[in-house]
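Observations on chain architecture
Chain by chain, the residues run as shown.
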Amino acid sequence: MTALEVSNKAEPDFDVIIVGAGIAGCIAAYQLAQQGRSVLLIERGEAPGSKNLSGGVLYCRGMQEVFPDFLDSAPVERRVTRNYINFLNAESSIGIDYKDTRLADPVNAVTVLRAKLDPWLAGKCEEAGVFLMSGVRVDRVLTENGATGKRVVGVKAGDDELRAHVVVAADGVNSFIAQEVGLRAKQPLNHLATGVKCVVNLPAETIEARFGVTGDEGAAFAVVGDCTEGVGGGGFMYTNTNSISVGVVLRLDDLTAKRKVATDVFDHFLTHPFIAPYLEGGEVIEYGCHMVAEGGLGMLGEIDMDGMVVVGDAAGLTLNTGLTVRGMDLAVASGVAAAVGIGASLERKDFSKAGLAGYRETLFASPEGKDMKTYAKAPAFLEVERMYKDYGELIANVLYGAFNLDTKPREHLAKVAIRAFKKSPVKVRHLISDGIAGVRAL
Amino acid sequence: MLDDDQTHIEVNQEIVKATGCGTAIAACCAARVYTEEPDGSLSVEYAACLECGTCLAVAAPGALKWHYPRGGFGIQFREG
């Protein structure tokens, strides 16, 4: 697809056109409207949120800075106070169960369902004066040749050409817009994963009893190992008010190399004897999938050019640290930073890449931007094969040696551990190298 | 909502067969849109598409033309 060349230099229809009413797009739109700018927010779904899907945990402190009443007025599901990290083997399961009342006050993370959250965000935008256009697909951007090369001057949707001083590409992980203008190259498969998820309906009391939470508290389960049949990635279970979001995220290089079928791996996880009891009796009310950027900082494309910035998933802004899997909070941070950078460029009437540099500066000065740099080595660490099979089995075999009183006299735990270690494909040098890499990456 | 008039997926069967990428496309699609036929070609049930874009990521260059359905058409999540 080539960008449409346009020579007509009419006065723009809007200060800013934002493509995509997800989290990053809505936050940028809201903040710019608050500054008094004219903003057009274009969404291809019939209603905002109807095309959007996430795993479900939003680290919400940044969102609360934009909307101080977020927790009380937004349609959030549960406040996450229990994080369960689980190594799952075919016949065993080892978990770290982290519950902490400090996570509830102040609230740090909530579960969300995007088809409910995004309409609320878009509604806030409209209240602030944003012009929302739903059910419209942007086909391409309009460009002109400027002094420093190609610059973006608007968008084309069907027969309509709409112009703005600045365009924001908030069109998600596939960002056809960022690709079209050459800001993002086709990604290698180890930078991408496919997320497969379903939502299972269950009564709130059942969810609370099964997940050991009360009231509006919730749990987030992160699972590695046999849940993905050894494919790099993991499984998750998040509690909503009256449902559970459950699914797998599968790294595409490993999924294809191991010749596994995504839907088979998903079915395997949901029917796993350690997972199925949580879902027992529930009804699947929705099934969906979404591509996930897994490359971290290494995947972050160019995020600015003359007349345009790229935010959220479209910029590759996701972060998997092994413990926390983040995307929506980065979308918020990039939306906020984009509004700052674009606001300054509108002030100075300089819409060039240099004029928009405030976006990049603000983003990387934010805690979220700094985290992208801190965890730059995490994706490579998480590609270590042993994480997804051997370590879980090794730990289980040591524990089995300790707990299985099989009428034979016990041995010292150290001996049991050494024997389990000798049987395992994990070698001392792996422990050392993975240990060092882990400390450095995480 | 199904777009009866326009498919948003086009397969270049020659490239698919020549590269053998049909297997990976069919395996990675969580919506089971693609079926690999015995001759190595791909059949497509575009109405089932959940619009994630994974097929395009694993396809050999030129094997697939895939874009979002027209505005207002395609998958509508109620939960997300």
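See the structure above.
These numbers come from a predicted model, not from an experiment.

The next thing to look at is the overall build of chain B. A tally of regular secondary structure across chain B gives three helices and four strands. Listed by position from the N terminus, the elements making up chain B come as β-α-α-β-β-α-β. Compactness check: chain B gives a C-alpha radius of gyration of 13 Å against a globular reference of 12 Å for 80 residues, within 12% of the reference. Within chain B, buried positions represent 46% of all 80 residues. A separation of at least 24 residues holds for 58% of the contacts in chain B among residues at least 6 apart in sequence.

Further remarks concern the overall build of chain A. Looking only at helices and strands, one finds 16 helices and 20 strands in chain A. Relative to the compact-globule value of 22 Å for 442 residues, chain A shows a C-alpha radius of gyration of 23 Å, a close match. Oriented by its inertia axes, the alpha-carbon framework of chain A measures out at about 85 × 45 × 35 Å. For chain A, buried positions account for 52% of its 442 residues. At a minimum sequence separation of 6, the contacts of chain A that also span at least 24 residues come to 74%.

The next subject is the packing of helix α1 (residues 23-34) of chain A against helix α10 (residues 328-348) of chain A. All names here are of chain A. Taken N-terminus to C-terminus, the directions of α1 and α10 make an angle of 35 degrees; their axes are 7 Å apart at the nearest point. Note that α1 runs across α10; the crossing there is right-handed. Where α1 approaches α10, its residues Ile23, Ala24, Ile27, Ala28, Gln31 and Leu32 are matched on the opposing element by Met328, Ala331, Val332, Ser334, Gly335, Val336, Ala338, Ala339, Ile342 and Gly343. Classifying every residue of the contact of α1 with α10 by side-chain character gives 12 nonpolar, four polar and no charged.

Residues and elements named next belong to chain A. Note that strand β5 (residues 79-88) and strand β6 (residues 93-99) share seven bridges and pair antiparallel. Counterpart to Ile85 in the pairing with β6 is Ile96. Taken together, β5 and the strand that follows it, β6, pair antiparallel across an intervening segment of four residues.

Residues and elements named next belong to chain A. Relative to the helices and strands, Arg326 resides in strand β20 (residues 325-326). As a C-alpha pair, Arg326 and Val57 span 269 residues in sequence and 7.9 Å in three-dimensional space. Residue contacts for Arg326: discarding those within four places in its chain leaves Tyr59, Thr318 and Leu319.

The next thing to look at is the pairing of strand β10 (residues 149-157) of chain A. All names here are of chain A. Bridging between strand β9 (residues 140-146) and β10 involves seven bridges; their strand directions are antiparallel. Among the inter-strand pairings, Asn145 is bridged to a residue of β10, identified as Lys150. In textbook terms, the turn of a hairpin is the stretch between consecutive antiparallel strands, and for β9 and β10 this stretch comprises two residues. Pairing between β10 and strand β11 (residues 160-169): four bridges, direction antiparallel. For Ala157, the partnering residue across the bridge sits in β11 and is Asp160. Connecting β10 to the antiparallel partner β11 that follows it, the hairpin turn spans two residues, and Gly158 within it adopts a positive phi of roughly 60 degrees.

This part covers the interface of chain B and chain A. Of the residues lining the interface, 25 residues belong to chain B; the matching set on chain A comes to 38 residues. Split by residue class, the side of chain B that touches chain A holds 13 nonpolar, seven polar and five charged.

Turning our attention to the environment of Lys156(A). With respect to the helices, strands and loops of the structure, Lys156(A) is situated in strand β10. Along the sequence, Lys156(A) and Val138(A) sit 18 residues apart, while their C-alpha atoms lie 5.9 Å from each other.

Rules of the game
- Position numbers for residues start from 1 in each chain and track the written sequence from start to end.
- Lettering of chains starts at A and numbering of ligands starts at 1, both following the order in which they are written.
- With pLDDT at 70 or above as the cut-off, local features in this predicted model cover only qualifying residues; side-chain atom pairs require 80 or more to be listed or tallied, and sums for whole chains, interfaces and linings still use all residues.
- Runs of H or I in DSSP of at least four residues are treated as helices and runs of E of at least two as strands, each being numbered from the N terminus.
- Each radius of gyration is computed over the set of C-alpha atoms, and the globule rule expresses the reference value as 2.2 Å times the number of residues to the power 0.38.
- Our exposure labels follow a C-beta count within 10 Å of each residue's own C-beta, placed from the backbone: buried means 20 or more other C-beta atoms, exposed means 12 or fewer, and partly exposed covers the counts in between.
- Two residues form a contact once the distance between their C-beta atoms, set from the backbone, is within 7 Å.
- Lines fitted to C-alpha atoms define the axes here, with helix axes fitted over just the stretch in contact, and angles between the N-to-C directions of these axes take values from 0 to 180 degrees.
- Each helix crossing is assigned a hand: it is left-handed if the near helix lies turned anticlockwise from the far helix by less than a right angle, otherwise right-handed if that turn is clockwise.
- Asp, Glu, Lys and Arg are counted as charged, while Ala, Val, Leu, Ile, Met, Phe, Trp, Tyr, Cys and Pro are counted as nonpolar; the rest, among them Gly, fall into the polar class.
- A pair of strands is considered paired only if DSSP assigns at least 2 bridges between the two.

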